[in-house]
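Residues per chain, in single letters:
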Amino acid sequence: VVKEKNRMGECPVWEERENALVYVDINSQKVCRWSPLTNKVQSVSVDACVGSVALRQCGGYIIALGTRFAFLDWDTQAVTTILEVEQDKPNNRFNDGKVDPKGRFFAGTMAEETAPGVRARRQGALYTLFPDHSVIKQLDQVDISNGLDWSLDHRTFFHIDSLAYAVHAFSYDVHTGQIACPRVLYHLEKEEQMPDGMCIDAEGKLWVACIDAGRVIRIDPETGKRIQTVRLPASRITSCCFGGKDYSEMYVTSAYDGLDEATLAKEPQAGEIFKITGLGVKGIPQNFYAA
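Residues numbered from 1 in each chain as written. Predicted model: local features only at pLDDT ≥ 70, side-chain atom pairs only at ≥ 80, totals over all residues. Heavy atoms only, no water.

Per an unreviewed UniProt entry, the chain carries the name Regucalcin and comes from Stercorarius parasiticus. In its Catalytic activity (unreviewed entry) section, UniProt records this for the chain: "D-glucono-1,5-lactone + H2O = D-gluconate + H(+)". (UniProt positions renumbered as here; feature names shortened; annotations may be inferred.)

A.B. asks: I'm lost on the pattern of salt bridges in this one. Help?
C.D. replies: Pairs can form between side chains of opposite charge whenever their charged atoms are close. All told, the structure shown has 22 salt bridges when counted by the stated rule. The partner of Glu15 in a salt bridge is Arg17, with the nearest N and O atoms 2.6 Å apart. In this structure Arg17 comes out as partly exposed when scored by relative accessible area, which is 38%. Between Glu15 and Arg33 there is a salt bridge, with the nearest N and O atoms lying 4.0 Å from each other. (Salt bridge = Lys/Arg side-chain N within 4 Å of Asp/Glu carboxyl O. Buried < 20%, exposed > 50% of the residue type's maximum accessible area, 1.4 Å probe, protein only.)

A.B. asks: Please clarify how the sheet that holds strand E7 (residues 68-73) should be interpreted in this entry.
C.D. replies: Paired through their backbone hydrogen bonds, the strands of a sheet run either parallel or antiparallel. Spatially, E5-E6-E7-E8 is the arrangement adopted by the four strands of the open sheet, whose pairing is antiparallel. With partners counted over all chains shown, the strands left at the sheet margins are strand E5 (50-55) and strand E8 (78-84), one partner each. Adjacent strand axes in the sheet meet at a mean angle of 25°, parallel and antiparallel pairs treated alike. Bridge analysis of strand E6 (residues 61-65) against E7 gives five bridges, and the strand direction is antiparallel. Across the sheet, residue Tyr61 finds its bridge partner in E7, namely Leu72. (Pairing = 2+ DSSP bridges. Helix = DSSP H or I, 4+ residues; strand = E, 2+ residues; numbered from the N terminus. Axes fitted to C-alpha atoms, helices over the stretch in contact; angles between N-to-C directions.)

A.B. asks: I tried to follow empty space enclosed by the protein on my own but got confused; where do I start?
C.D. replies: Any empty space left between the atoms is revealed when a probe the size of a water molecule rolls over them. All chains considered together, the criterion is met by one cavity of 30 Å³ or more. Size it by volume and the largest cavity reaches roughly 90 Å³. Surrounding the largest cavity, 16 residues form its lining, Cys11, Val13, Gly97, Lys98 and Gln286 being those nearest its centre. At the level of elements, strand E1 (9-15), E5, strand E9 (92-99) and strand E21 (237-243) are the ones that each hand at least two residues to the lining of the largest cavity. Among the elements that take part in the lining of the largest cavity, E9 stands out by supplying four residues, more than any other. By residue class, the composition of the lining of the largest cavity is 10 nonpolar, four polar and two charged. (1 Å grid on protein atoms, 1.4 Å probe; cavity = no way out; pocket = protein on both sides within 12 Å on 5 of 7 lines; lining within 4 Å. Points joined across faces, edges and corners; volume = space filled by probe spheres on them. Nonpolar A, V, L, I, M, F, W, Y, C, P; charged D, E, K, R; others polar.)

A.B. asks: Help me understand the UniProt feature "binding site: a divalent metal cation" (unreviewed entry) in the chain in this model?
C.D. replies: According to UniProt, the "binding site: a divalent metal cation" (unreviewed entry) feature falls on Glu10, Asn146 and Asp196. Spatial clustering of the annotated residues is evident: they stretch over 187 residues in sequence, but the largest pairwise C-alpha distance comes to 10.5 Å. Filtering the just-named annotated residues for those lining the largest pocket gives Glu10, Asn146 and Asp196. By the element assignment, Glu10 lies in strand E1. In this structure Glu10 comes out as buried when scored by relative accessible area, which is 3%. Dropping the residues within four chain positions of it, Glu10 is found in contact with Tyr23, Val24, Ile26, Asn146, Asp196, Thr238, Ser239 and Thr253. The residue Asn146 is located in strand E13 (residues 145-150) in this model. For Asn146, a relative accessible area of 4% puts it in the buried group. Setting aside residues no more than four positions away along its own chain, Asn146 makes contact with Glu10, Asn95, Asp96, His159, Ile160, Ser162, Pro195, Asp196 and Gly197. (Contact = heavy atoms within 4.5 Å.)

Here you go:
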């Protein structure tokens, strides 16, 4: 549905109040918004790689860029830094993020590659930014902090560390925002490659984007089993969210960075955004950062 190609399209968020899909192109340092009514993409350029975007209660967005949390005012394009983390790790940047049911913004970091396929290990962390702008570190020694969401009863937090090739579940205290007691929920099979972004549907099942495997998979957190696979016409599938007027459509982002010329020739749709319909299940609205 979005033909404008992204180097590293990520973190799609359906914004009901604008009837639009908001997402980032990490490597192009842009926050984008696509309207299905006009089929136009608007974008705001920022001064660092932007890993994630989320809705803000009072309008505009909260973003995680470089190693900073910031507000983005869409109309003025002004970026206002809230705070910075990991100033001792110049090679790190924020990656995926999402707002919890109480309006706290969770976002994690990762080390950038220093050469193709070369990355310092366990340099990342997972942070929670509270509405009063205080921050806590939830996890340390993460490789690539990625997809995240909460169970429908808000008692479980789901998180992906991509290089662990697994989805982890944690007990979640919705009152304090603290996570505890990690366990492996699902370990990806070889052909599923590496897990990236993730979202939950209205039946409490998880959808995981499999980068380099050209698919999203549906996992039942109760049984820890894969129950559905949807293949897409691009291999570097990065993330997914539900949207549309009744949240029955799934939007899926992809990337073309990391593909050689021969693969790009075979994948003319790499970097585009796809819409999956007819899944027979709906999503739930996104949470707003409560400040």
